[in-house]
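Architecture and fold: a report
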Amino acid sequence: MKSKKRSLFSLFCILALLAAAGIWFFSSRNPRYIRASDPVSGSRMQPGSDINPYPSLSVPSCITKIREDYFIVDTYHDQILFGDSLKRPIEEWRVVTDQISRGHTIAGDGTVYLADDTENNRILVFEKKDGIFLLTQEFTEIGTRPHYVVYDEETKRFYAYSSMTGELYVFLRLSDSSQMVLEDIRSIPKLNGIYVRSFTIMDQEIYFVSGNSSIIRARLSDLSILEEYPVTAEIAGMIQLEKIQDYYYITVSTDVTGNQDHATILRTHDLHSLADGEYEDIYSYFVGGGTPYYLGSFDGHYYLTEHRIPGCSIWQFDVVKNEITNVTLLY
């Protein structure tokens, strides 16, 4: 009898070990189980208590629209704002969260909204309930200074970039759920230690503008490099690349030495021409004298955030047959 019990116990132990090994193998082969956070309490619980307390913006980085809501990331006020109209005065906008440090962007699929909390190395997940945004998940240890997050409709994924480590964090929303998981971490080793402020996804490829004096075009699926486009020293400190009609538009913060006197916006038909300094400087369409930052588009218009000028700026403009027109200062 004891021998039979001993055999059953041994069999149980073997099965348990096999199950554990199977779980380890499955999780190692399925990167979506790398890390997922537990739900957390909402950061905004009382409707009407979250009106923007500031009369102006302080270094706005991102303006976007997700479903019916407009969003502004008010970076140096450490908050994200939302509103129902771009005609509404900024002091009437409401606060998504003020529990971030130097955040830069927010993106959403209409069910969940992901924002980078740059100086805390976090990605925060929000859901909208009864007109307010609740913090429902957080992902910590997201590289170094995660700086840019987007939602890609084609792949149904969120992508967030660690601005100093060359790592792209891929987030997936589970089917029929608001639960987010970290599916993958992809990297470009040569960008480790190079400041990269943004990326652009186009046709299953991804473009990185960087302080490495080049633009890198890579496969989105694995970040294998397809091509590099060198740029001149004057525009080495690039911020963002955006394809608008027949041109690539690029915002520039500094030259290769970090001098912000070279901040500008340029455009070119061909990225190969940048190495020879062949591009059109278009900063004169705006006031100038600041630092153009992120570009975006929604509601049939294009938008630009701008730093280093009094009050800081958000611009709206149109491009008609490659001509820039209807440039309007919003905030």
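In what follows, the structure referred to is the one given above.
Scope of this entry: the structure provided in the associated data block. Everything numeric here is computed off the predicted structure, so don't read it as measured data.

Across the sheet, which stays open at both edges, the 4 strands sit in the order E13-E14-E15-E16 with antiparallel pairing between neighbours. Pairing within the sheet leaves two strands with one partner each, and these edge strands are strand E13 (198-202) and strand E16 (225-230). Across the sheet, the mean angle from the axis of one strand to that of its neighbour is 20 degrees, orientation sign disregarded.

Moving on to the sheet that holds strand E6 (residues 113-117). The 4 strands are arranged E5-E6-E7-E8 in an open sheet whose pairing can be described as antiparallel. Edge positions in the sheet fall to strand E5 (106-108) and strand E8 (132-139), since each has one partner strand and no second. Averaged over all pairs of adjacent strands, the angle between strand axes in this sheet comes to 30 degrees, irrespective of strand direction.

Of the volumes computed, that of the largest pocket is approximately 670 Å³. For the largest pocket, the lining is made up of 31 residues, of which Thr64, Tyr148, Val150, Tyr151 and Gly296 are closest to its centre. Residue assignment for the lining of the largest pocket shows that the elements contributing at least two residues are strand E1 (60-66), E5, strand E9 (146-152), E13, strand E17 (237-244), strand E21 (291-298) and strand E22 (301-307). Counting residues per element, the lining of the largest pocket draws most heavily on E1, which supplies 6 residues. Empty space within the second largest pocket amounts to approximately 260 Å³. Forming the boundary of the second largest pocket are 17 residues, of which Val59, Tyr76, His104, Tyr293 and His307 lie nearest the centre. Looking at the lining of the second largest pocket residue by residue, the classes come out as 4 nonpolar, 8 polar and 5 charged.

Here we come to the pairing of strand E3 (residues 79-83). For E3, the buried fraction is high: 5 of the 5 residues fall into the buried class. Pairing between strand E2 (residues 69-74) and E3: 5 bridges, direction antiparallel. Residue pairing across strands places Ile72 opposite Leu81, the latter belonging to E3. Bridge count for E3 against strand E4 (residues 94-97) is 3 bridges, and the pairing is antiparallel. Looking at the pairing, Leu81 lines up with Val95 of E4.

Analysis parameters
- Per chain, residue numbering runs from 1 following the sequence as it is written.
- Given that the model is predicted, a residue must reach a pLDDT of at least 70 before its local features are reported, and side-chain atom pairs must reach 80 or more before they are shown or counted; all residues, however, enter totals for whole chains, interfaces and linings.
- With hydrogens and water excluded, all non-hydrogen atoms of the structure serve as input to the side-chain values.
- Here, a strand pair is defined by DSSP locating no fewer than two bridges between the strands.
- Counting from the N terminus, the helices are the DSSP runs of H or I reaching at least four residues and the strands are the DSSP runs of E reaching at least two.
- Only the stretch in contact is used when a helix axis is fitted, and all axes are lines through C-alpha atoms; the angle between N-to-C directions ranges over 0 to 180 degrees.
- Here a cavity means grid points, on a 1 Å grid over the protein atoms only, where a 1.4 Å probe fits yet cannot get out; a pocket means an open set of points with protein on both sides within 12 Å along at least five of seven lines; lining residues are those with an atom within 4 Å of a point.
- Grid points are joined across faces, edges and corners, and a volume is the space filled by probe spheres set on the points.
- Any residue that is not Ala, Val, Leu, Ile, Met, Phe, Trp, Tyr, Cys, Pro, Asp, Glu, Lys or Arg is counted as polar, Gly included; the first ten are nonpolar and the last four charged.
- The classification of residues rests on relative accessible area computed with a 1.4 Å probe and restricted to protein chains. Under 20% of the type maximum is buried, over 50% is exposed, and intermediate values are partly exposed.

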